Amino acid sequence: MDIMQKQNWFNVDEISDRIFMITEGDRYKSYLLLGEKRSLLIDCGLGVGDIKRLVKSMTDTDVEVALTHGHWDHIGGACYFGTVGIHPADKELAVRELHPKMQERAQKFLKDWSDQGYLFPPDFSTQDYKIRPCDISHDLNHSDNIDIGGVMITAYHTPGHSPGSISYLEEATGILFAGDAVKP
């Protein structure tokens, strides 16, 4: 499936025949795992581009979101999905209006991006942008299993970066999706 550059704002790289890395704004990573019953989107980036439209162009299945933690650069697009899970220790970060300091970090990203001469998606307004709270449909806890049909993911509570940081291990490949718990 050749889905590179599906939208100008996103880069999509195929990790395997059912795992894709979605990079938003040249830096912020989300991962789409395609299952037989449904698909799993790990993190939702900034919410600048239409990640839901991109994901829906990649799969016909329902999409569930699993957040690695509740920081602004991971929850930005979560408000557009109906099934969203996060560790209970970070739930409050995702469901309430972001602290002004976190909104400032999002605004700083916009300014830095623009100052570097990069463009935003054509339908995006920097003046209207803010990270929106999302509805959390369920908690994700240590050792929870997520079966999306032919793909089994296990959640591991990995506090440190945030109290509710959670990493997801795709059992068959051994790929660990750690959010910001591990930084290169």
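Here the structure is a predicted model, which is why all the values come from computation and not from measurement.

Re the sheet that holds strand S3 (residues 28–34)
Step number 1: Read across the open sheet, the seven strands follow the order S1-S2-S3-S4-S5-S6-S7; overall the sheet is mixed. On the outer flanks of this sheet lie strand S1 (10–16) and strand S7 (138–139), each paired with one strand and no other.
Step number 2: By the bridge criterion, six bridges tie S1 to strand S2 (residues 19–24) in an arrangement that is antiparallel. By the bridge assignment, glutamate 14 is partnered in S2 with phenylalanine 20.

Some details on helix H4 (residues 100–115)
Because an α-helix completes one turn every 3.6 residues, residues spaced three or four positions apart along the sequence face the same direction.
Step number 1: With 16 residues, H4 extends 22 Å from end C-alpha to end C-alpha; this agrees with the ideal 22 Å at 1.5 Å per step.
Step number 2: Every buried residue of H4 is accounted for by Gln103, Ala106, Phe109, Leu110 and Trp113. Relative to the axis of H4, the buried residues are bounded by an arc of 110° and lie together on one face. Those residues of H4 that are exposed and aimed more than 90 degrees away from the buried face are Pro100, Lys101, Lys111 and Asp115.
Step number 3: Buried residues in H4 make contact with S3 and helix H2 (72–75).

Here's the deal with the nonpolar core
Step number 1: Ranked by internal contacts, the top residues of the largest apolar core, which has 37 residues, are Ile22, Leu41, Leu67 and Phe109.
Step number 2: Breaking this core down by element, the ones donating at least two residues are S1, S2, S3, helix H1 (51–58), strand S5 (62–66), H2, strand S6 (84–86) and H4.
Step number 3: The contact partners of phenylalanine 109, leaving out residues within four places of it in the chain, are Trp9, Gly25, Tyr28, Leu46, Trp72 and Phe120.
Step number 4: Counting residues in hydrophobic clusters, the runner-up holds 16 residues, among them Ile19, Leu40, Ala155 and Tyr168.

What to know about the sheet that holds strand S8 (residues 145–147)
Step number 1: One open sheet holds the four strands; their spatial order is S8-S9-S10-S11, and the pairing between them is antiparallel. Edge positions in the open sheet fall to S8 and strand S11 (175–177), since each of these has one partner strand only. Neighbour-to-neighbour, the strand axes of the sheet open up by a mean angle of 25°, direction not taken into account.
Step number 2: Sheet analysis places strand S9 (residues 152–157) next to strand S10 (residues 166–170), joined by five bridges and oriented antiparallel. For tyrosine 156, the partnering residue across the bridge sits in S10 and is serine 167.

Considering the environment of phenylalanine 120
Step number 1: Considering the arrangement of structural elements, one finds phenylalanine 120 in the loop between H4 and S7.
Step number 2: Note on phenylalanine 120: relative accessible area 19%, which makes it buried.
Step number 3: A C-alpha to C-alpha distance of 8.1 Å links phenylalanine 120 and glycine 49, two positions 71 residues apart in sequence.
Step number 4: When neighbours within four sequence positions are excluded, phenylalanine 120 is seen to be in contact with Trp9, Val48, Phe109, Leu110, Trp113, Ser114 and Thr126.

Quick word on the packing of aromatic side chains
Step number 1: Counted by the stated rule, this structure contains 10 aromatic pairs.
Step number 2: With 5.0 Å between their ring centres and 55° between their planes, tyrosine 31 and phenylalanine 177 make a pair best called tilted. On the criterion of sequence distance, the pair formed by tyrosine 31 in strand S3 and phenylalanine 177 in strand S11 is long-range, its members being 146 residues apart. In this structure, tyrosine 31 and phenylalanine 177 share a single accessibility class: buried.
Step number 3: Pairing phenylalanine 109 with tryptophan 113 gives two aromatic rings, centres 5.7 Å apart and planes at 35°, and the pair type is tilted.

Overview of the side chain of threonine 23
Step number 1: Tracing the sequence through the fold places threonine 23 in strand S2.
Step number 2: At 3.4 Å, the side chain of threonine 23 forms a polar contact with the side chain of lysine 29.
Step number 3: Residue contacts for threonine 23: discarding those within four places in its chain leaves Trp9, Phe10, Asn11, Tyr28 and Lys29.

A short note on the confidence of the model for the chain
Step number 1: In this model, the chain carries a mean pLDDT of 91, and residues with pLDDT of at least 70 account for 95%.
Step number 2: For the stretch residues 1–7, pLDDT sits under 50, and the model shows 17 contacts to residues farther than four places along the chain or on other chains.

A closer look at the pairing of S10
Step number 1: Of all five residues that make up S10, five are buried, and the element is covered over most of its length.
Step number 2: What you see with S10 is no split at all: Ile166, Tyr168 and Glu170 on one side and Ser167 and Leu169 on the other are buried throughout.
Step number 3: Summarising the sheet, S10 and S11 pair through three bridges and their orientation is antiparallel. The partner of tyrosine 168 across the bridge, within S11, is phenylalanine 177.

What counts, and at which threshold
Along every chain, residues carry numbers that run from 1 in the direction the sequence is written. Residues qualify for local features only when their pLDDT is at least 70, as the model is predicted, and side-chain atom pairs are given and counted only at 80 or more; totals for whole chains, interfaces and linings, by contrast, use all residues. Here the side-chain values reflect all heavy atoms present in the structure, with hydrogen atoms and water set aside. If DSSP finds at least two bridges between two strands, the strands pair. Counting from the N terminus, the helices are the DSSP runs of H or I reaching at least four residues and the strands are the DSSP runs of E reaching at least two. Working rule for helices: expected span equals 1.5 Å times residues minus one. In this scheme, a residue with accessible area under 20% of its type's maximum is buried, one over 50% is exposed, and one in between is partly exposed, where area comes from a 1.4 Å probe on protein chains only. Think of the arc as the fan of directions from the helix axis to the C-beta atoms. Contacts were defined at the residue level, with two residues in contact if any of their heavy atoms lie within 4.5 Å. We define a nonpolar core as any set of buried Ala, Val, Leu, Ile, Met, Phe, Trp, Tyr and Cys residues linked to one another through side-chain atoms lying within 4.5 Å. In this analysis an axis means a line fitted to C-alpha atoms, helices contributing only their contacting stretch, and an angle means the value between N-to-C directions, from 0 to 180 degrees. For Phe, Tyr and Trp, rings pair up if their centres lie within 6.5 Å, where Trp contributes its six-membered ring, and each pair is then called stacked (planes under 30 degrees apart), edge-to-face (over 60) or tilted (otherwise). We define a polar contact as two N or O atoms separated by no more than 3.5 Å, with the added condition that, inside protein, one atom must be a possible hydrogen donor and the other a possible acceptor, whereas residues neighbouring each other in sequence contribute only through side-chain atom pairs. The quantity called pLDDT is the predictor's confidence in a given residue, expressed from 0 to 100.

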